[in-house]
Amino acid sequence: MSKVAVVYWSMTGNTETMAQAIAEGAGDADVFEVSDFGAAKVADYDAFAFGCPAMGSEELDHDEFEPVWEECVPAFGDKPVALFGSYDWGTGDWMETWKEAAEGAGVNIKDTVIANLEPDDEALEALKALGASLAE
């Protein structure tokens, strides 16, 4: 069983709820607010889920989340990484942009899950399944 880290930044609590669902699916995952994680911890884990809601014009949070994400990208190697987050406006394009940029930087993206505002039952089940797949 893989050791999973779930790392998130949440403004309204929706992305935090998503992080908890992934951790539940993974079984024994460690959950971190992004301010408590960094590249030095990447070596301690086999798989990751990183979550950030869409901000501004469908982009990652520049102040807290993005610096930690950018610091961790080179450390991931070929370890699987899932991306997740919520959005309020637009169509969720920020996730596709984030995924493409991550893959372009060599990140092994396992999957993505998004939710419009608070995650519904379908999104929560997808998040739990994602957590389980990361823990395999």
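What you see as residue numbers is a count from 1 along each chain, following the sequence as written. The model is predicted, so local features are restricted to residues of pLDDT at least 70 and side-chain atom pairs to those at 80 or more, both for listing and for counting; the totals for chains, interfaces and linings are taken over all residues. Side-chain measures here rest on the full set of heavy atoms in the structure, leaving out hydrogens and waters.

J.: Would you take a moment to explain the overall build of the protein chain for this structure?
T.: Tallying secondary structure elements over the protein chain gives 4 helices and 5 strands in all. When the helices and strands of the protein chain are placed in sequence order, the string is β-α-β-β-α-β-α-β-α. Expected size for 136 residues packed as a compact globule is a radius of gyration near 14 Å; at 13 Å, the protein chain falls within 12% of this value. In terms of overall dimensions, the protein chain has C-alpha extents of about 35 × 30 × 25 Å along its principal axes. Three exposure classes are used, based on accessible area relative to the maximum for each residue type with a 1.4 Å probe and protein chains only: buried under 20%, partly exposed in between, and exposed over 50%. When the 136 residues of the protein chain are sorted by exposure, 46% land in the buried category. Should any heavy atoms of two residues lie within 4.5 Å, those residues are counted as being in contact. Considering only contacts within the protein chain whose residues lie at least 6 apart along the sequence, 76% involve residues at least 24 apart. Reported accessibility uses the Shrake-Rupley method at a 1.4 Å probe radius. Residues are deemed covered only where the shown protein chains occlude them. Here the protein chain has roughly 6400 Å² of accessible surface; of this, 45% comes from carbon and sulfur atoms. For the purpose of counting charges, residues Lys and Arg are taken to be positive, whereas Asp and Glu are taken to be negative. His and the chain ends are not included. Each charge is placed at NZ for Lys, CZ for Arg, CG for Asp and CD for Glu. Charged side chains of the protein chain number 6 positive and 29 negative; the gap between the two group centres comes to 10 Å. A helix here means a DSSP run of H or I that spans at least four residues, while a strand means a run of E at least two residues long, and both kinds are numbered starting from the N terminus. Note that the radius of gyration is over C-alpha atoms, with the globule rule given as 2.2 Å times the number of residues to the power 0.38.

J.: When you look at unusual backbone geometry in this model, what are you seeing that I'm missing?
T.: Most peptide bonds are trans, and most residues other than glycine sit at a negative phi. Located in the positive-phi region is E58, a residue other than glycine, with phi close to 55°. With respect to the secondary-structure elements, E58 resides in the loop between β3 (47-51) and α2 (65-72). The phi angle at L117 is positive, at roughly 60°, despite the residue not being glycine. What makes L117 partly exposed here is its relative accessible area of 39%.

J.: I'm lost on the nonpolar core in this one. Help?
T.: Soluble globular proteins tend to bury their nonpolar side chains together. Side-chain atoms within 4.5 Å link the members of a nonpolar core, which is a set of buried Ala, Val, Leu, Ile, Met, Phe, Trp, Tyr and Cys residues. The biggest cluster of nonpolar side chains holds 29 residues, and the ones touching the most others in it are F37, F50, W69, F76 and W98. Every element with two or more residues in this core is listed here: β1 (4-8), β3, α2, β4 (80-87) and α3 (93-104). Apart from the residues lying within four places of it in its own chain, the contact partners of W98 are F50, G51, C52, L60, F65, W69, L83 and F84. Core analysis: the second largest hydrophobic core is formed by 21 residues, A19, A21, A23 and A47 among them.

J.: When you look at the state of the cysteines in this model, what are you seeing that I'm missing?
T.: Cysteine pairs can be linked by a disulfide, which is a covalent bond between their two sulfur atoms. Defined by distance alone, a disulfide is two cysteine sulfur atoms within 2.5 Å. Inspection of the entire model under this criterion finds 0 disulfides. This cysteine, C52, is not joined by any disulfide, and C72 carries the nearest cysteine sulfur, 13 Å off.

Keep in mind these numbers describe shape, not what the thing actually does.
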